[in-house]
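Here is what each chain is made of, one letter per residue.
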Amino acid sequence: MSKAKHGQRIEPRFYISEAARNVSSLTCCVNQVEQCAHLLIQALRGRQKIMFCGNGGSAAQAQHLAAELSGRFLLDRSGLPGISLTTDTSAITAIANDYGYENIFARQVAAIGVPGDVLFCISTSGNSKNLVQAIKKAREIGVVTVALIGPNECEMLELADLSIRCGAKGTNFIQEQQFVLGHLVCALVEQELFL
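Because the structure is predicted, anything quoted here is derived from the model rather than measured. Every residue gets a number counted from 1 within its own chain, in the order that chain's sequence is written. Where totals are concerned, whole chains, interfaces and linings use all residues; where local detail is concerned, this predicted model gives features only for residues with pLDDT of at least 70, and gives and counts side-chain atom pairs only at 80 or more. By convention in this description, side-chain values take in all heavy atoms of the structure and omit both hydrogens and water.

Examining helix H5 (residues 104-112)
Working step 1: Classification of residues uses two cut-offs on accessible area relative to the type maximum, computed with a 1.4 Å probe and protein chains only: under 20% is buried, over 50% is exposed, and between them is partly exposed. Think of it this way: any DSSP run of H or I at least four residues long counts as a helix, any run of E at least two long counts as a strand, and we number them from the N terminus. Those residues of H5 that fall on the buried side of the exposure criterion are Ile104, Phe105, Ala106, Gln108 and Val109.
Working step 2: Contacts from the buried residues of H5 go to strand E1 (50-54), helix H4 (89-99), strand E3 (118-122) and helix H6 (129-141). Any pair of residues with heavy atoms lying within 4.5 Å of one another is described as a contacting pair.

What to know about the pattern of salt bridges
Working step 1: Counted as salt bridges are all cases of a side-chain nitrogen of Lys or Arg within 4 Å of a carboxyl oxygen of Asp or Glu. Enumeration over the complete set of coordinates arrives at eight salt bridges.
Working step 2: Residue Arg45 is joined to Glu192 by a salt bridge in which the shortest nitrogen-to-oxygen separation is 3.2 Å. Linking Arg45 in helix H2 (residues 30-45) with Glu192 in helix H8 (residues 171-194), this pair joins segments that are 147 residues apart in sequence.
Working step 3: On the basis of relative accessible area, Arg45 is assigned to the exposed category, the value being 53%.
Working step 4: The exposure class assigned to Glu192 is partly exposed, which follows from its relative accessible area of 41%.
Working step 5: Across the pair Glu153 and Arg165 runs a salt bridge whose closest N-O atoms are separated by 3.4 Å. Here the residue Glu153 occupies a position in the loop between strand E4 (144-149) and helix H7 (155-159), and Arg165 occupies one in strand E5 (residues 162-165), the gap between them amounting to 12 residues.

So, the sheet that holds strand E2 (residues 82-84)
Working step 1: Note: two strands are recorded as paired if DSSP finds a minimum of 2 bridges between them. Here we have five strands laid out as an open sheet, ordered E2-E1-E3-E4-E5, and parallel in their pairing. Looking at the sheet topology across the chains shown, the edges are occupied by E2 and E5. Here the strands of the sheet are splayed against their neighbours by 20° on average, with no regard to which way each runs.
Working step 2: Here E4 pairs with E5 via four bridges, running parallel. Looking at E5, one finds that Ala147 is bridged to Ser163.
Working step 3: Those strands touched by helix H3 (residues 57-70) are E1, E2 and E3, and its axis lies near 160° from that of E1. Angular values range over 0 to 180 degrees, each being the angle between N-to-C directions of two axes fitted as lines to C-alpha atoms, with helices fitted over their stretch in contact.

Things to note about the packing of H2 against H8
The relative placement of two packed helices is expressed as an angle between their axes plus a distance between the axes.
Working step 1: Put simply, H2 and H8 touch, their axes get as near as 9 Å, and they point 50° apart. The orientation of H2 relative to H8 falls into the category oblique. For the element pair H2 and H8, the recorded crossing hand is right-handed. Contact with H2, carried on its side by Val33, Glu34, Cys36, Ala37, Leu40, Ile41, Leu44 and Arg45, involves Leu181, Leu184, Val185, Leu188, Val189, Glu192 and Leu193 of H8 and no other residues of that element.
Working step 2: Note on residue classes: Ala, Val, Leu, Ile, Met, Phe, Trp, Tyr, Cys and Pro are nonpolar, Asp, Glu, Lys and Arg are charged, and everything else, Gly too, is polar. Here the contact of H2 with H8 is composed, by residue class, of 12 nonpolar, no polar and three charged. Between 65 and 115 degrees an angle is taken as roughly perpendicular, under 35 as roughly parallel, over 145 as roughly antiparallel, and anywhere else as oblique. Crossing handedness is defined as follows: a turn of the near helix away from the far one that is anticlockwise and smaller than a right angle gives a left-handed crossing, while the clockwise case is right-handed.

Regarding the packing of aromatic side chains
Working step 1: Two rings belonging to Phe, Tyr or Trp (six-membered ring only in the last case) form a pair when the distance between their centres is within 6.5 Å. Interplanar angles under 30 degrees mark stacking, angles over 60 mark edge-to-face geometry, and anything in between is tilted. Per the counting criterion, the structure on display carries two aromatic pairs.
Working step 2: When the centroid spacing of 4.8 Å and the interplanar angle of 35° are considered together, the rings of Tyr15 and Phe173 count as tilted. Of this pair, Tyr15 sits in helix H1 (residues 12-24) while Phe173 sits in helix H8; the two residues are 158 residues apart in sequence, bridging distant segments of the chain.
Working step 3: Looking at Tyr15, the relative accessible area reads 21%, which means it is partly exposed.
Working step 4: Judged by centre distance (5.2 Å) and plane angle (45°), the ring pair of Phe52 and Phe120 falls under tilted. One end of the pair, Phe52, is in strand E1; the other, Phe120, is in strand E3, and 68 residues separate them in sequence. Exposure class is identical for Phe52 and Phe120. Each is buried.
Working step 5: The ring centre of Tyr99 lies 3.9 Å from the NZ or CZ of Arg107, which sits over that ring. Note on criteria: charge over ring means Lys NZ or Arg CZ within 6 Å of the ring centre, with the direction from the centre no more than 35 degrees off the ring normal.

Written as structure tokens, this is what we have:
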């Protein structure tokens, strides 16, 4: 089930069943999620930062995950350096105006990224030009790159140091899978660093 067509009604029980089925299928991603958590843990132990970015709903998710690190997730512990590149509207609009929207994240990565940091990009399509440019810039300067993407072949899959692919059909269900995986990464990071 993807987006409802004009005039088509959504049956709540079917939607919930489909969402639950999609979440259950994420067990195939466990190895990549553990690798991702390891990359974040390694960076954080080295006093590096994690930068998150995405567009639309993925921008909200980037902000959410950064807050889970800098605030707290499941444990009462000290904050971790998680930053969302989607929240500074002055930087985003200035960069978009002067250098083009495709550079809104790459310019920020170039400005604050240092070798050993991690750039965590979230996209359902995996082809967003501004995320592709951010990954390219990150790799240029020695920032480790993670792509949380949908099921299709895409540019980000080829470019990122580590890709985690969600297999659902439809943007809504991919986003729901990504939400669960993002939380799992945060839980694994906290567990390793604070338990």
